[in-house]
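Examining the three-dimensional arrangement
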Number of protein chains: 2
Amino acid sequence: MPRLAIGLDLGGTQVRAALVDEGGYIQARAAVATAAAAGPEIVIDQLHWVAEAVSTGVPAADLAGIGVAAPGPLDTGTGTALGLPTLAGFVDLPLARLLAERFDRPVRLENDGIAAALGEWRFGAGRGHANLVYVTVSTGIGGGVVSDGRLLRGRRGMAGHVGHMTIMRDGAPCSCGHRGCWEAYGAGPAFARRAREQAARTPGTQLAGPIDARAVFEAAAAGDALAAALVAEEADILGLGIAGLLHLYSPEIVIVGGGVAHGFPALHPGIAARIRTAAMAPFRDVPVVRAALGDNAGLVGAAALAFEVVGDEIRTPLPLGEGQG
Amino acid sequence: MPRLAIGLDLGGTQVRAALVDEGGYIQARAAVATAAAAGPEIVIDQLHWVAEAVSTGVPAADLAGIGVAAPGPLDTGTGTALGLPTLAGFVDLPLARLLAERFDRPVRLENDGIAAALGEWRFGAGRGHANLVYVTVSTGIGGGVVSDGRLLRGRRGMAGHVGHMTIMRDGAPCSCGHRGCWEAYGAGPAFARRAREQAARTPGTQLAGPIDARAVFEAAAAGDALAAALVAEEADILGLGIAGLLHLYSPEIVIVGGGVAHGFPALHPGIAARIRTAAMAPFRDVPVVRAALGDNAGLVGAAALAFEVVGDEIRTPLPLGEGQG
């Protein structure tokens, strides 16, 4: 019985690998800076290298398989990268097939938000829930959904792109080309931009220099009034979007991960307060919690894809799409 | 083999019944004005009356069962009406149990948006699709979702309340008590209110008197410039919300029903145009179509609940919740 799986996380800044056991624990890890401009061939080589690095010496019989989480939109039905904005040349690319050729075995491919939801569902804050929404707040806002005991995939496996619902009609420009998306207000870059703009015109704030989300949380914890207001604003924006997701998916729990979630304890009161005003009464009691796996949710979720558990926790087989075999 | 089912639609203005055959065709129908202020006992009597009216003379062996579509939020796990805004006394009411007692047999209960989605999926514009979103635009905006070949229910069966995602932060007041919901901009009353406000200050428009959505569509068809602009605005709002739903659920098709959908041919170009700008490229080719069953989607869907088909079209059994037996 294979007890280990390799999870790979293809990100815009890092290519990461983990050797994960069937309890979801990471036994080995490796990472390299993504050669984002070098094209798919080199990046696929990088994935292979980090996979080799974590699995050297592991007997083949112990290895359940390899799962890859990649940024979307990704057609996981056909295993095609449709156009990854952060990686040169990943446009209409038969990624699953190229990976299978490079690894000389099938590789499961999943949109990173869905993979992270799977990781939290099987091994993290979502264990035991038949309905959950995972939201990652970092450079963008992404997500994944478990509904009625199954991963929600939708057409081409593209469900759960939660960052691109509009929360402000004709609002701020978004990386997707549209305006007013939740991502354009709630993701890390928007949070940091508000901080920089307001710090520049607020005498006495300790916020200065190249401000990022972490700096704002630290200043708020140290009692800086502007930073506290910025955290409250960010929490309000996140709570507004999460309230929408409650109505849309009716989860039992909402799990927040990604870089901005490092400030989750400071954000949580504001998120909860906004949900109390923005959600209809029957939805208000749904807990919003921090991701248990932190930055490893996608990595562990990618490995979970390879375990192919069919049981209470994952009731759906996770079939290889055409082109992934 | 039972070939008929009774579908009941409990609305704020009408209580309707249909005798539906296994092809989704209505063989008999009945309706009465809802005694909305009279309390649950009288309304449940009304449901019984209209059910009797359509099923008189039908042999018991021919009847698969009875399904009821009711406005939400409704906990279909326990069969409880949590608080129907348009019906007095429907608060924390064990509706499924009361119906079963009144009918002396189990009755399936479903949120009306989900029931309508089921109707369109089995018998209407959604046949053959594993992923669809149904949106009803009338007094409010509601919906239902089929994902990966199953009805999306979520916790307490409350998924698909699509009208209450925010599209304008801190925007117009909504019937739910919050501000800026899609419903507050896109539903019939908001459309009509914009028409009345703008007609009052626009010389030369043929829009006058007690303007409703239908009047605007008629005036637009007759060449009225203000009415055409109002229709374009409404289409833009609907398209914006639908674009969000594409990212959230990744359907293969979006089906629009409800009273405002009577103007669908006039709305469609604007909806499609907004989706082209607001949806990410891989989502833009998803067709948006008019509901095939019109105002009968919920009624036929309620009957479909009773057929309990387990096959290609409905892969999930539709279990009776506790308290529904």
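What counts, and where the lines are drawn
- Residues numbered from 1 in each chain as written.
- Chains lettered and ligands numbered in written order.
- Predicted model: local features only at pLDDT ≥ 70, side-chain atom pairs only at ≥ 80, totals over all residues.
- Heavy atoms only, no water.
- Contact = heavy atoms within 4.5 Å.
- Buried area = accessible area lost by both parts, 1.4 Å probe.
- Salt bridge = Lys/Arg side-chain N within 4 Å of Asp/Glu carboxyl O.
- Polar contact = N/O pair within 3.5 Å; in protein donor to acceptor, adjacent residues only side chain to side chain.
- Helix = DSSP H or I, 4+ residues; strand = E, 2+ residues; numbered from the N terminus.
- Nonpolar A, V, L, I, M, F, W, Y, C, P; charged D, E, K, R; others polar.
- Pairing = 2+ DSSP bridges.
- Axes fitted to C-alpha atoms, helices over the stretch in contact; angles between N-to-C directions.
- Buried < 20%, exposed > 50% of the residue type's maximum accessible area, 1.4 Å probe, protein only.

The name recorded for chain A in an unreviewed UniProt entry is Glucokinase, from Labrys wisconsinensis.

Attention now moves to the interface of chain A and chain B. The partner chain B presents 46 residues to the 46 residues of chain A that form the contact. With both sides pooled, the region where chain A packs onto chain B buries about 4100 Å², and carbon together with sulfur makes up 56% of that total. Counting across the chain A and chain B interface gives 8 salt bridges. One salt bridge in this structure joins Glu233(B) and Arg169(A), with 3.4 Å as the shortest N-O distance. Our enumeration of links across chain A and chain B arrives at 28 residue pairs in polar contact (both at pLDDT 80 or more). Among the elements of the structure, strand 10 (150–151), helix 7 (225–249) and helix 8 (264–278) of chain A are those that each provide at least two residues to the side of chain A that touches chain B. For the side of chain A that touches chain B, the leading source of residues is helix 7 of chain A, giving 9 residues. Among the residues forming the side of chain A that touches chain B, the class breakdown is 22 nonpolar, 12 polar and 12 charged.

For the rest of this paragraph, the subject is the sheet that holds strand 9 (residues 141–147) of chain A. Residue and element names in this part refer to chain A. As summarised here, the arrangement of the 5 strands in space is 10-9-8-11-12, forming an open sheet in which the pairing is mixed. On the outer flanks of this sheet lie strand 10 and strand 12 (288–290), each paired with one strand and no other. Where strand 11 (residues 253–257) meets strand 12, 3 bridges bridge the pair, whose relative direction is parallel. From the neighbouring strand, Val256 faces strand 12, where its bridge partner is Arg290. On the sheet, helix 7 packs against strand 8 (132–137), strand 9, strand 11 and strand 12 and is oriented at approximately 150 degrees with respect to strand 8.

Scanning the model with the defined rule gives 24 salt bridges over all chains in all. The closest approach of N and O atoms between Arg153(A) and Glu110(A), which form a salt bridge, is 2.7 Å. With Arg153(A) in the loop between strand 10 and helix 4 (182–186) and Glu110(A) in strand 7 (residues 108–111), the pair connects residues that are 43 residues apart, well separated along the chain. Note on Arg153(A): relative accessible area 16%, which makes it buried. The salt bridge partner of Asp170(A) is Arg274(B), with a shortest N-O separation of 3.2 Å. Highlighted residues: Asp170(A) in the loop between strand 10 and helix 4 and Arg274(B) in helix 8 (residues 264–278), drawn from two different chains. Connected through shared salt-bridge partners, Arg169(A), Asp170(A), Glu233(B), Asp236(B) and Arg274(B) make up one network.

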